[in-house]
Amino acid sequence: MTAPAIDVRDLHVHLGASHVLRGVDLRVDHGEVVALLGANGSGKSTLVRTVVGVLEPTRGEVDLLGHRLGDDVPWQRVGYVPQRVSAAAGVPSTAAEVVASGLLHGRRLALPRGWRRLAREALEQVGLADRAGQATGQLSGGQQQRVLIARALVRKPELLVLDEPVAGVDRPSQEAFAATMARLVDDGLTVLVVLHELGELAGLISRAVVLRHGQVVHDGAPPRPHAEHGSREHEHVHPHTSEVPVVGAHDVGLSDGPLLTGEQEARP
Ligand SMILES: Nc1ncnc2c1ncn2[C@@H]1O[C@H](COP(=O)(O)OP(=O)(O)OP(=O)(O)O)[C@@H](O)[C@H]1O
Ligand SMILES: [Mg+2]
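What comes next concerns the included structure. (Residues numbered from 1 in each chain as written. Chains lettered and ligands numbered in written order. Predicted model: local features only at pLDDT ≥ 70, side-chain atom pairs only at ≥ 80, totals over all residues.)

1. A short note on unusual backbone geometry
Moving on, step 1. Located in the positive-phi region is K156, a residue other than glycine, with phi close to 50°.
Moving on, step 2. Of note, K156 is situated in the loop between helix 4 (141–153) and strand 7 (159–163).
Moving on, step 3. Look at K156 and you get partly exposed, because 16 C-beta atoms sit within 10 Å.
Moving on, step 4. One non-glycine residue with positive phi stands out, namely H213, at about 45°.
Moving on, step 5. By secondary structure assignment, the location of H213 is in the loop between strand 9 (207–212) and strand 10 (215–220). (Helix = DSSP H or I, 4+ residues; strand = E, 2+ residues; numbered from the N terminus. Buried ≥ 20, exposed ≤ 12 C-beta atoms within 10 Å, placed from the backbone.)

In structure tokens:
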């Protein structure tokens, strides 16, 4: 029996004075696509940031691909897309450069041979191949978000952790992203994705986990969008066990820059 892709046990995380995660258990098996839902401030980002090693647990355990969080985790097999894109980056990196940074791992700083082609292929997957040479600062918020998705995809991960990947991304690009994800999931990709609405990804989600005040209050079938809302713009999520807010465009552009690393972020 292979170890789960993600195995979180009795996880507690404190940030500043607040006890944000209060005993979270979460297991994601290989090939699953799990949506993480919950109101603003319920702890979704804190959970995924702890899972990818950006934040440290105050109690409990996290295993990733069969290894306890730390140097033993094969990080090159893990892709991560953080929430929010910094609108104004000081350094005018091109889209291709930002994507290629997703190829760096371990203690190596050199990009592998053929990185331009790999970056271009990843940008194609998010519909931005024609923008490879453009400075990311000149891209719109939604396009920058798609560059971050390409950056996570370029290493061809087997586990992908995404924090609201389609917030601020228009409907056609969401559809393109869902099609790309469907292909990757078909090939065996495991996904943990924070969402406010299942939206275009609904067909891919095998399970939903709902957080409320830092605890899991639902783990099972994905909630169904209410039929009476009718139009696709109103495809919100209404699980019975928790209030999942009806939120449209998220506050994209506030804090996390595209190249932030764990060292810079850990421990406020
Ligand atoms: N650095 C920090 N110091 C203290 N409290 C923090 C810090 N970062 C987050 N928090 C608090 O932790 C709680 C959970 O935040 P988190 O970002 O995980 O929520 P979320 O579910 O991702 O919300 P959203 O839907 O808005 O993205 C919030 O109440 C937030 O105020
Ligand atoms: Mg969040």
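2. Quick notes on the site of ligand 1
Moving on, step 1. In the region of ligand 1, 14 residues are neighbours, and L15, G16, K44, S45 and T46 sit closest.
Moving on, step 2. Those elements that place two or more of their residues in the shell around ligand 1 are strand 2 (18–28) and helix 1 (44–51).
Moving on, step 3. A breakdown of the residues in the shell around ligand 1 according to their chemical character gives three nonpolar, 10 polar and one charged. (Near = placed C-beta within 6 Å. Nonpolar A, V, L, I, M, F, W, Y, C, P; charged D, E, K, R; others polar.)

3. Thoughts on the nonpolar core
Moving on, step 1. Counting residues in hydrophobic clusters, the biggest one holds 70 residues, and the most contacted among them are L36, V99, L123 and A150.
Moving on, step 2. Of the residues forming this core, the biggest block, six residues, is contributed by helix 4.
Moving on, step 3. Those residues in contact with A150 that sit more than four places away from it in its chain are V99, A122, L123, Q125, V126 and L128. (Core = buried A, V, L, I, M, F, W, Y, C linked by C-beta atoms within 7 Å. Contact = placed C-beta atoms within 7 Å.)

4. Observations regarding the sheet that holds strand 6 (residues 78–81)
Moving on, step 1. Taken in spatial order, the six strands of this open sheet run 6-7-8-3-9-10, and their pairing is mixed. Two strands in the sheet have a free side with no partner beyond their single neighbour: strand 6 and strand 10. Mean inter-strand twist for the sheet, computed between neighbouring axes without regard to direction, equals 15°.
Moving on, step 2. Looking at chain direction, strand 3 (residues 33–38) and strand 8 (residues 190–194) are connected through four bridges and run parallel. Its bridge partner being in strand 8, L36 is matched across the sheet by V194.
Moving on, step 3. Helix 4 rests against strand 6 and strand 7 of the sheet, and its axis sits at about 170° to strand 6. (Pairing = 2+ DSSP bridges. Axes fitted to C-alpha atoms, helices over the stretch in contact; angles between N-to-C directions.)

So far we have only geometry, and geometry alone does not tell us how the molecule works.
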